[in-house]
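Descriptive structure summary
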Amino acid sequence: MYGDAVMSIRDAYVETARSAARLLREPAVAAHWDAPSALAEFSVRGLAGHLAFQVLSVSSVLAEPSPGEPPIGLLDHYGNVKWLGADVNDEVNVDIRAGGERIAADGPTDLATRVDGAARELTAILAAQPADRVVRLPWTGWSLRLEDFLTTRLMEIAVHSDDLAVSVGIPAPQLAPAALDPVLALLSRLAVRRHGQAAVLRALSRAERAPATIAAI
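Being a predicted model, the structure only gives us computed values, none of them experimental. (Residues numbered from 1 in each chain as written. Predicted model: local features only at pLDDT ≥ 70, side-chain atom pairs only at ≥ 80, totals over all residues. Heavy atoms only, no water.)

A general feature of soluble globular proteins is that nonpolar side chains tend to end up buried together. Counting residues in hydrophobic clusters, the biggest one holds 56 residues, and the most contacted among them are Tyr-13, Leu-24, Val-55 and Leu-164. Apart from the residues within four sequence positions on either side, Leu-164 is in contact with Leu-23, Leu-24, Val-29, Val-44, Leu-47, Ala-48 and Leu-51. (Core = buried A, V, L, I, M, F, W, Y, C linked by side-chain atoms within 4.5 Å. Buried < 20%, exposed > 50% of the residue type's maximum accessible area, 1.4 Å probe, protein only. Contact = heavy atoms within 4.5 Å.)

Here it is, written out as structure tokens:
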């Protein structure tokens, strides 16, 4: 048996992955497939592929054995990633966009079908993982606790679902509280690290002293 906290993040992730699959099936996504997205230098298809990666990559990560190294912390993960704060034309972001294009190469119907299938399979796959599961991220070179890894994917799906919905002119999906809460907690912690505690507190509580931005990423 897993603890409630462990199960809740896994269940929340699967529900959010299914939400991403539904978004990818929206007719507006196919209609704008080759158009520019709301993100600089990203096409709608590339953004859709990048969103899909947040679901498709989880099965492949879990297919690997647990690494023989301790995991790093969630905030340490974001302190090490190369894309955070990088220019849109830096190599890391160029590679991310190219990866999205590759994933989406077979078109919107194929992409949505693959994501939907992966989300369904992950229900059983995640339930079978031990509570202390550690995973190694091949694209970073370090390991995370499974729950921390899923939190990173939840944040990516939440943010990029909004990006994609805005890009094609439809309402953004509404996340369940079990998914939204860890995303907001993560973004708040990143915002505090980037802007300081006072800036975040003022932005949330004092309009007259609020800074221009507390963007976390």
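There's plenty left to go through after this.
Attention shifts here to the packing of helix α3 (residues 44-62) against helix α6 (residues 108-127). A pair of packed helices is characterised by two quantities: the angle between their axes and the separation of those axes. Where α3 contacts α6, the two axes come as close as 9 Å, and the packing angle between them is 35°. Classified by chirality, the crossing of α6 by α3 is left-handed. On α6, the residues touching Ala-48, Gly-49, Ala-52, Val-55, Leu-56, Val-58, Ser-59 and Leu-62 of α3 are Leu-111, Arg-114, Val-115, Ala-118, Ala-119, Leu-122, Ile-125 and Leu-126. Here the contact of α3 with α6 is built from residues that sort into 13 nonpolar, two polar and one charged. (Axes fitted to C-alpha atoms, helices over the stretch in contact; angles between N-to-C directions. Helix = DSSP H or I, 4+ residues; strand = E, 2+ residues; numbered from the N terminus. Left-handed = near helix turned anticlockwise from the far one by under 90°. Nonpolar A, V, L, I, M, F, W, Y, C, P; charged D, E, K, R; others polar.)

Right, let's talk about the side chain of His-160 for a bit. Within the element layout of this structure, His-160 appears in helix α7 (residues 146-168). There is a polar contact of 3.4 Å between the side chain of His-160 and the side chain of His-50. The contacts of His-160, once residues within four sequence positions are left out, are Leu-39, Leu-47, His-50 and Leu-51. (Polar contact = N/O pair within 3.5 Å; in protein donor to acceptor, adjacent residues only side chain to side chain.)

At a minimum axis distance of 9 Å, the contact between α7 and helix α8 (residues 177-195) shows a crossing angle of 95°. With respect to α8, the axis of α7 lies roughly perpendicular. Within the contact between the two elements, α7 uses Thr-151, Leu-154, Met-155 and Ala-158 and α8 uses Ala-179, Pro-182, Val-183, Leu-186 and Leu-187. Taken together, the residues of the contact of α7 with α8 sort by class into eight nonpolar, one polar and no charged. (Parallel < 35°, antiparallel > 145°, perpendicular 65-115°, else oblique.)

Take the side chain of Asn-93 next. Among the secondary structure elements, Asn-93 is positioned in helix α5 (residues 91-103). Residue classification places Asn-93 among the buried residues on the basis of a relative accessible area of 14%. For Asn-93, the contacting residues outside a window of four places in its chain are Trp-83, Ala-86, Asp-87 and Val-88.

Take the pairing of strand β2 (residues 142-145) next. Examined bridge by bridge, strand β1 (residues 134-137) and β2 share four bridges and lie antiparallel to one another. Its bridge partner being in β2, Val-135 is matched across the sheet by Leu-144. In textbook terms, the turn of a hairpin is the stretch between consecutive antiparallel strands, and for β1 and β2 this stretch comprises four residues, one of which, Gly-141, has a positive phi near 90°. (Pairing = 2+ DSSP bridges.)

A few words on the confidence of the model for the protein chain. Averaged over every residue, the pLDDT of the protein chain is 94; residues scoring 70 or more account for 97%. When mean pLDDT is taken per element in the protein chain, helix α2 (residues 27-31) scores highest with 98 and helix α1 (residues 4-24) scores lowest with 87. Note on residues 1-5: pLDDT is under 50 here. Beyond four places in sequence and across chains, it has seven contacts. (pLDDT = per-residue confidence, 0-100.)

Next up on the list: the environment of Val-134. Looking at the element boundaries, Val-134 is found in strand β1. Among the residues examined, Val-134 registers a relative accessible area of 14% and is labelled buried. Residues Val-134 and Pro-70 lie 64 residues apart in sequence; the distance between their C-alpha atoms is 7.9 Å. When near neighbours in sequence (up to four residues on either side) are disregarded, Val-134 contacts Ser-66, Pro-67, Glu-69, Pro-71, Ser-143, Leu-144, Arg-145 and Leu-146.

The next subject is a negative patch on the surface. Among the surface-exposed residues, Asp-87, Asp-90, Glu-91 and Asp-95 lie close enough to one another that they form a single negatively charged patch. For Asp-87, the location among the structural elements is in the loop between α4 (74-80) and α5. You can call Asp-87 partly exposed: its relative accessible area is 43%. (Patch = residues over 30% accessible without salt bridge, like charges linked within 9 Å, V, L, I, M, F, W, Y side chains within 5 Å. Areas by Shrake-Rupley, 256 points an atom, 1.4 Å probe, with all protein chains shown as cover. Salt bridge = Lys/Arg side-chain N within 4 Å of Asp/Glu carboxyl O. Lys, Arg positive; Asp, Glu negative; His and termini not counted. Charge placed at Lys NZ, Arg CZ, Asp CG, Glu CD.)

This part takes up the packing of aromatic side chains. Taken as a whole, this structure holds three aromatic pairs when the rule is applied. Measuring from ring centre to ring centre gives 6.3 Å for Tyr-78 and Trp-83, while their planes differ by 90°; the resulting arrangement is edge-to-face. The buried category is assigned to Tyr-78, whose relative accessible area is 2%. Looking at Trp-83, the relative accessible area reads 24%, which means it is partly exposed. Look at Trp-139 and Phe-149: their rings are 6.3 Å apart centre to centre, the planes differ by 45°, and that puts the pair in the tilted class. Taken together, the residues Trp-139 in the loop between β1 and β2 and Phe-149 in helix α7 connect sequence positions ten residues apart. Judged by its relative accessible area of 0%, Phe-149 falls in the buried class. (Phe/Tyr/Trp six-rings, centres within 6.5 Å; stacked < 30°, edge-to-face > 60°.)

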